[in-house]
Amino acid sequence: MKLLKSVTGAVAAAAVSLFALSAAAQDYPGRNITMVVPFSAGGPTDTVARLVAESMSKDLGQQIIVENVGGAGGTLGAGRVASADPDGYTILLHHIGMATSDTLYRKLAYKTLDAFDYVGLVTEVPMTILSRKNLETNDLKGLIDYAKANKDKVTVANAGIGAASHLCGMLFMSAIETPLVTVPYKGTGPAMTDLLGGQVDIMCDQTTNTTKQIQGGTVKAYAVTTSQRLSVLPNVPTATEAGLPNFEVGIWHGIYTPKGTPAAVNERLSKALQVALKDQNVAARFAELGTTPSPEADATPAALKAKLESEIARWKPVIESAGQYAD
């Protein structure tokens with residue numbers, strides 16, 4: 001009899017808890033939401049986050065406040081969200097580093113595929129291969145030849161291990177089968193400043209950070225990493241056109257919640273994301289940055305989950321081959 005009462009009590013408690021979660025999801029959101037961006041303010045991921053957060057706030061009827069929690073290649077901010085209450089009031093906007101950190105950090109404080117639930121994909125930003133303005137080469141083939149001939153002194157800037165620029169640079173070195181001198185910075189801004197000043201030679205970074213510099217002629221652009229040229233940079237060839245076939249990489253962004261967040265909450269956030277990605281202002285600003293909003297079919301929990309799983313599998317051998325780890 002005692003056992004029966006115990007089991008009955010446990011079932012009742014679980015039912016009450018489930019009802020409470022369901023009720024909370026129906027009332028969601030009832031207050032401001034914090035969107036953690038695991039990189040510094042003003043960087044390319046922060047730019048994407050603030051555009052989307054503003055539009056999502058309108059649909060949700062509550063303010064999404066962007067909070068920058070940088071450090072450790074994005075893992076500090078991601079870790080904060082992983083340990084947050086799974087109530088939908090702390091969410092994460094992260095880029096491709098969500099997938100690569102699983103291999104880059106051998107002592108990661110959380111298990112990527114076990115620590116988060118999913119809202120949806122936001123955008124996939126093309127990359128650009130750049131150099132300082134006064135580098136003597138004028139096309140990608142010349143840049144590759146120059147890099148191979150001077151591999152011990154050619155410097156490749158990045159915004160830190162795990163940053164988009166680090167990943168793209170690593171993939172570039174793998175593609176040309178030549179290790180170069182990498183120079184990590186604490187953020188995209190300082191890296192770009194030194195490229196502009198001629199202190200470093202090469203950088204591979206997102207169009208959200210490089211388009212204005214390319215248009216202004218303050219850096220030399222060799223290629224974009226897409227299958228077709230970008231309307232915002234019509235004179236910059238694709239990597240394939242320029243002589244580096246199959247070098248296609250985009251820095252995709254997604255929104256996550258802590259594991260255990262009610263499905264109804266994730267779906268509500270996904271709906272708000274879909275609305276935001278159809279916002280004409282968001283689309284126009286994304287276009288200025290050389291990217292486009294994800295289609296509605298990708299702005300879903302299922303699509304983001306599938307993307308993350310496939311990208312972890314894609315990048316694992318690249319990182320292991322390069323032997324570049326963050327710990």
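Structure report, in brief. Bear in mind that the values here come from a model prediction, so they are computed numbers and not experimental data. Each residue is numbered by its place in its chain's sequence as written, counting from 1. In keeping with the model being predicted, local features are shown solely for residues with a pLDDT of at least 70 and side-chain atom pairs are shown and tallied solely at 80 or more, while totals for entire chains, interfaces and linings include all residues. Only hydrogens and water are removed before side-chain values are computed, so all heavy atoms of the structure are retained for them.

**Brief notes about the packing of aromatic side chains**
Working step 1: Only rings of Phe, Tyr and Trp enter the pairing, Trp through its six-membered ring, and a pair is recorded when the two centres are within 6.5 Å. The plane angle decides the type: under 30 degrees is stacked, over 60 is edge-to-face, the rest tilted. This model, assessed by the stated rule, comprises five aromatic pairs.
Working step 2: Ring geometry for phenylalanine 116 and tyrosine 256: centres 6.0 Å apart, planes at 65 degrees, overall edge-to-face. Of the two residues, phenylalanine 116 sits in strand E4 (residues 116–132) while tyrosine 256 sits in strand E9 (residues 250–258), which places them 140 residues apart along the sequence.
Working step 3: Assessed through its relative accessible area of 1%, phenylalanine 116 is described here as buried.
Working step 4: Through successive ring pairs, a cluster of aromatic residues spans Tyr110, Phe116, Tyr118 and Tyr256.
Working step 5: Look at NZ for Lys and CZ for Arg. If either is within 6 Å of the ring centre and within 35 degrees of the ring normal, a charge sits over the ring. Lying across the ring of tyrosine 89, arginine 31 places its NZ or CZ 3.8 Å from the centre.
Working step 6: Across from the ring centre of tyrosine 325, 4.0 Å away, lies the NZ or CZ of arginine 106, which sits over that ring. Only runs of H or I of at least four residues qualify as helices and only runs of E of at least two qualify as strands under DSSP, and these elements are numbered from the N terminus. Think of it in three bands: with a 1.4 Å probe and only protein chains considered, a residue is buried below 20% of the maximum accessible area for its type, exposed above 50%, and partly exposed in between.

**Some remarks on the pairing of strand E6 (residues 181–184)**
Working step 1: If DSSP finds at least two bridges between two strands, the strands pair. Bridge count for strand E5 (residues 155–158) against E6 is four bridges, and the pairing is parallel. Bridging across to E6, threonine 155 finds its partner in valine 181.
Working step 2: Consider the strands pointing away from the viewer: the crossover is right-handed when the path from the first strand over the helix to the second runs clockwise. Crossover connection from E5 via helix H7 (residues 164–175) to parallel E6: handedness right-handed.

**Some words on helix H6 (residues 140–149)**
Working note: α-helix, 3.6 residues per turn, so residues spaced by three or four point in the same direction.
Working step 1: Within H6 the residues assigned to the buried category are Leu140, Gly142, Leu143, Ile144, Tyr146 and Ala147.
Working step 2: In this fold, the buried residues of H6 make contact with E4, H7, strand E7 (202–206) and strand E8 (219–224). Here, two residues are considered to be in contact whenever any of their heavy atoms come within 4.5 Å of each other.

**A few points about helix H8 (residues 188–196)**
Working step 1: Those residues of H8 lying buried are Thr188, Ala191, Met192 and Leu195. Seen along its axis, H8 keeps its buried residues to an arc of 95 degrees; they face one direction.
Working step 2: Positive phi appears at glycine 198, one or two residues downstream of H8, with a value of about 80 degrees. By construction, the arc corresponds to the directions joining the helix axis to the C-beta atoms.

**A look at unusual backbone geometry**
Working step 1: Put simply, tyrosine 28 and proline 29 share a cis peptide bond, and its omega is -5 degrees.
Working step 2: Although it is not a glycine, glutamate 177 adopts a positive phi angle of roughly 55 degrees.
Working step 3: Considering the arrangement of structural elements, one finds glutamate 177 in the loop between H7 and E6.
Working step 4: We note that asparagine 246 has phi near 65 degrees; this positive angle belongs to a residue other than glycine.

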